[in-house]
Amino acid sequence: MITRRGILDKVWLGLAVAAVVAALAPLASIIYYVTVRGISAISWNFLTHNFNQVGNNGGIGNALEGTFLVVALASAIGIPIGLLVGVYVSEYGTGRSADVVRFLSDVLVGIPSIVTGILVYSAVVISFPTPYNGYTAFAAGLALGLMEIPIIANTTSESLKLVPNSLREASAALGVRKWRTILLMMANSLGGIMTGILLATSRVAGETAPLLLTALGSTQSFQGWFNSVETMTLFIFQNGTSGTPNLVEQAWGASFVLLITVLGINIAIKMVTRRRIVFV
Amino acid sequence: MYSEAEGISVQTKPDSAPVVEMTAFDSERVPIVELMNLNAWYGSQHVISDVSMKFKRNHVTAIIGPSGCGKSTLVRCLNRLHELVPNARLTGNVMLDGVDIYGKQIDVVDVRRRIGMVFQKPNPFPNMSIRDNVVAGLKLGGVRDKKRLDEIARNALQQAFLWDEVKDKLSNSGASISGGQQQRLCIARALAVEPEVILMDEPCSALDPTATAKIEELIIKLSDNYTVIIVTHNMQQASRVADYTAFMYLGKLIEYDETPKMFENPKEELTERYITGKFG
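Residues numbered from 1 in each chain as written. Chains lettered and ligands numbered in written order. Predicted model: local features only at pLDDT ≥ 70, side-chain atom pairs only at ≥ 80, totals over all residues.

Colleague: I tried to follow the overall build of chain A on my own but got confused; where do I start?
Modeller: Secondary structure summary: chain A contains 12 helices and zero strands in total. For chain A, the α and β elements follow one another from N to C terminus as α-α-α-α-α-α-α-α-α-α-α-α. A separation threshold of at least 6 residues defines the contact pool for chain A, and within that pool the share at least 24 residues apart is 76%. (Helix = DSSP H or I, 4+ residues; strand = E, 2+ residues; numbered from the N terminus. Contact = placed C-beta atoms within 7 Å.)

Encoded structure:
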C-alpha cells in the first residue's frame, strides 16, 4: 500500500543516498585519478633519486627525506607541548583558565595554515638570514609544529576527560602523586591520544602553504636544519605547474606517494583506536 | 522524603555539636581518628555542619543516614579526597593519631597511604592485570622489586579472601572478574599499601547479596588489624558489621553510640524514626 508516509520515507532515503554519492564521488575520483596518473611514475629509481631538472631519471628522494625530517621536527615540537597543554586543560585548569586555553586551542586549530606560515616567515625567516634568505628546514618544522600543538592538545584533553573520574579518585586515594596519576590516566586514554598525534602528523604532512614561506624547496638532499629543504608537497606544487610533461607526471607520482602515506596513517589511526593498548 | 512539613523537626542541640561521649574511648588509647568541628561545603552548599566525633582504633564504625545527609562527604574529608572537587571547602580539624591531616606540614600523599579507601562502585584499573591492580599504589609510588610486589599482592589478596579465586589468573585484566570480586580486588588494593584506617563508601551498593555477604564477613575480619569506617544506607548492614554506629541527618551528627544501643534504644527521636523506617 502506498501511503503518504511511505513516500516521504523513500524521498528522505533517496536524498540521503544522493548526498552520500555526491560526497564520495569526488573522493573516489581523486583516489582513482591520482592512482591512474601517478602509479606509472613509480619506480625504485623514482623513490630514491633526487630531483632532476631535465626530468629523466629524476625522483622524489630528497622530497621524501625533507618531508620526513620536517614532520619529525614538527612532531618533536608539537607532541610534547600539545600533550602538556591537553593535560593542563583536563587535569589542572580550574574553571575559567581551562576554558580560555581550550577556546584558544579551538581557534588555533581553525587558523588557516598560511597564517601560521606568514607568522613564522616574519618571526624567523626574515629575522635570521641564511644563505637561502632565511628559508630553512628549521622554520618549516617550527611552522608545522605550531600547527600540531592545538590538534594534539584538543584530542589529549578530550581523551583524558573520557577517563572516568572514579579512576582518578582510586589512584589519588592510594596515595599516588598527582603527576603519576595523570600518567596513569594518559595510559588509560592512550588510544585517543595516539589518534590525536597521528591525526596531527597526517595533517601537517600534507601542508603546502606554510612551507612555501619557510622551506622554500630545494633540488638537493637535506643540507642541515638551517638550509632550505624540499618536501613532497612543494615538489608537487612546483612540478605540477611546470608545464614540462615528464615533470608533471612526476608530480602525479609524488601525489600518489603522499596519498598512500596519508592513507597509511589513517589506517594506523583506525588500528590504534580499535586495539586496547595495555600499559604500565 | 523527609521535611519539617511532615512533622520531623531537627532538634539536636542546635548550636552545639553533639559530641558523643563514650566512656570506653577515654579509658583506652587515643582514638585513631578524631573530627573536631568539621564543616564542609560544595560551593555555597553547606553539607557537613560542625561534626565532632572520634573513631575507635581497630573497630568498625558505620555512618548511616538518608541520601544527601553528608555521610559520603564526611569520609571523603578523612582522606582529603573532598578537596579534589572544584569549589569544595572545609573548616575544622581531622586528627589522625593526634596530628591534624590538614596541617601545613602534612603531605597529602602520606595521609592517603595511612587512610585507604574503597569506593561505592568497584573501580579497578582496567588497563592493569589483577596482580598489578593490587600493587598499583606501591608500583605507582616507585616500588620496583618484583619479588616483593608479588609477595605483597598475594598477601593482600589473601587478606581480601580473593586469592583462591584469582590465583590462576593473576595476569588477567582487573576488569575481567565479577563485580563482587572486583570490589574485593579494590579492598586488596587498599590493603596493599598497609593503611591504618580503611574508609568504605557504600562498598556493597553495587553488589548482589552473596557478594555483599562476603564483603561484610571481610569487613569484620579486617577490624582485627584495621580501623574501618563504613558509610552505608543499609541499616541491617550497619547492625551486622559495625561496633559503633553514627547517624547523620542534613549534615549534622545526630547520634553516635555502640551499635546495639543505637538500634535497640536510640536516645534521639530522629534516630528512632530513621531506624524504624519512618523516613529516609
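Colleague: Looking at this model, I keep getting lost on the pairing of strand 6 (residues 115-118) of chain B. Mind explaining?
Modeller: A regular strand carries its side chains on alternate faces of the sheet. Residue and element names in this part refer to chain B. The two faces of strand 6 match: Ile115 and Met117 on one face and Gly116 and Val118 on the other face are all buried. Where strand 6 and strand 7 (residues 197-201) come together, four bridges link them in parallel fashion. Across the sheet, residue methionine 117 finds its bridge partner in strand 7, namely leucine 199. (Buried ≥ 20, exposed ≤ 12 C-beta atoms within 10 Å, placed from the backbone. Pairing = 2+ DSSP bridges.)

Colleague: What is the right way to read the sheet that holds strand 4 (residues 88-96) of chain B from this model?
Modeller: Strand pairing within a sheet occurs via backbone hydrogen bonds; the two strands may be parallel or antiparallel. All names here are of chain B. Across the sheet, four strands lie side by side as 2-1-4-5; this open sheet has antiparallel pairing. Edge strands, defined here as strands with exactly one partner in the open sheet, are strand 2 (45-55) and strand 5 (99-100). Relative to strand 4, strand 1 (residues 33-42) runs antiparallel, the two being bridged by eight bridges. The residue bridging leucine 35 from the neighbouring strand is valine 94, located in strand 4. Lying on the sheet, helix 2 (residues 71-78) is in contact with strand 1, strand 2 and strand 4; it crosses strand 2 at an angle near 65 degrees. (Axes fitted to C-alpha atoms, helices over the stretch in contact; angles between N-to-C directions.)

Colleague: So what exactly am I meant to see when it comes to the packing of helix 7 (residues 165-173) of chain A against helix 8 (residues 178-188) of chain A here?
Modeller: For any two helices packed against each other, one specifies the inter-axial angle together with the distance between the axes. All names here are of chain A. Across the interface, helix 7 lies against helix 8 with an axial gap of 10 Å and an inter-helix angle of 145 degrees. Where helix 7 crosses over helix 8, the two elements pack in a sense that is right-handed. Residue-level inspection shows Leu167, Arg168, Ser171 and Ala172 of helix 7 in contact with helix 8, the latter providing Thr181, Leu184, Met185 and Asn188. Its residues assigned to classes, the contact of helix 7 with helix 8 shows four nonpolar, three polar and one charged. (Left-handed = near helix turned anticlockwise from the far one by under 90°. Nonpolar A, V, L, I, M, F, W, Y, C, P; charged D, E, K, R; others polar.)

Colleague: Hey, could you run me through helix 1 (residues 4-39) of chain A in this one?
Modeller: What sets the pattern is the α-helix's 3.6 residues per turn: residues three or four places apart point alike. Residue and element names in this part refer to chain A. An ideal rise of 1.5 Å per residue puts 52 Å on 36 residues; helix 1 measures up with 51 Å between its terminal C-alpha atoms. Residue leucine 24 marks the point of greatest curvature in helix 1, where the axis turns by about 30 degrees; the proline proline 26 follows within four residues. Judged by how many residues are buried, helix 1 sits mostly at the surface: one of 36 residues are covered. (Expected span 1.5 Å × (residues − 1). Bend = angle between axes of the 7 residues up to and from the residue.)

Colleague: Quick question: what am I supposed to make of the interface of chain B and chain A here?
Modeller: Counting residues at the interface gives 22 residues for chain B, matched by 20 residues for chain A. Looking at the side of chain B that touches chain A, the element that brings in the most residues is helix 3 (residues 108-114) of chain B, giving three residues. Partitioning the side of chain B that touches chain A into residue classes produces 11 nonpolar, six polar and five charged.

Colleague: Where do I start with the nonpolar core in this structure?
Modeller: A general feature of soluble globular proteins is that nonpolar side chains tend to end up buried together. Of all hydrophobic cores here, the largest spans 144 residues; its most connected members are Ala188(B), Ala192(B) and Ile230(B). No other element matches the 14 residues that helix 6 (residues 137-162) of chain A contributes to this core. Contact partners of Ala188(B), with chain neighbours within four places excluded, come to Val134(B), Ala156(B), Leu157(B), Gln159(B), Ala160(B) and Leu162(B). (Core = buried A, V, L, I, M, F, W, Y, C linked by C-beta atoms within 7 Å.)

Colleague: Which parts of the structure should I look at to understand the environment of Arg76(B)?
Modeller: For Arg76(B), the position within the fold is in helix 2. Not counting the four nearest positions on each side in its chain, Arg76(B) is found in contact with Leu81(B) and His82(B).

Colleague: Sorry if this is basic, but what is going on with the sheet that holds strand 9 (residues 244-249) of chain B here?
Modeller: Residues and elements named next belong to chain B. Taken in spatial order, the six strands make up an open sheet running 6-7-8-3-9-10, and their pairing is mixed. Each edge of the sheet is formed by a strand with only one pairing partner; in this case those strands are strand 6 and strand 10 (252-258). Neighbouring strand axes in the sheet, compared pairwise and without regard to direction, differ in orientation by 20 degrees on average. Relative to strand 10, strand 9 is paired through six bridges, and the arrangement is antiparallel. What sits directly across from threonine 245, in strand 10, is aspartate 257. Across the sheet, helix 2 is in contact with strand 3 (60-64), strand 6, strand 7, strand 8 (227-231) and strand 9; its angle to strand 8 comes to roughly 150 degrees. Contacts between helix 8 (residues 179-192) and the sheet are confined to strand 6 and strand 7, with strand 6 contributing the most and set at about 170 degrees to the helix.

Colleague: Looking at this model, I keep getting lost on the packing of helix 4 (residues 96-110) of chain A against helix 6 of chain A. Mind explaining?
Modeller: Residues and elements named next belong to chain A. The interhelical angle for the contact between helix 4 and helix 6, taken along N-to-C directions, is 130 degrees, at an axis separation of 8 Å. When the interaxial angle is binned, helix 4 and helix 6 end up oblique. Note on packing geometry: the crossing formed by helix 4 with helix 6 is left-handed. Between helix 4 and helix 6, the contacting residues are Arg102, Ser105, Asp106, Leu108 and Val109 on the first element and Pro150, Ile151, Ala153, Asn154 and Ser157 on the second. Across the contact of helix 4 with helix 6, the residue classes break down as five nonpolar, three polar and two charged. (Parallel < 35°, antiparallel > 145°, perpendicular 65-115°, else oblique.)

From the geometry alone we can't say anything about function, so treat these as descriptive.
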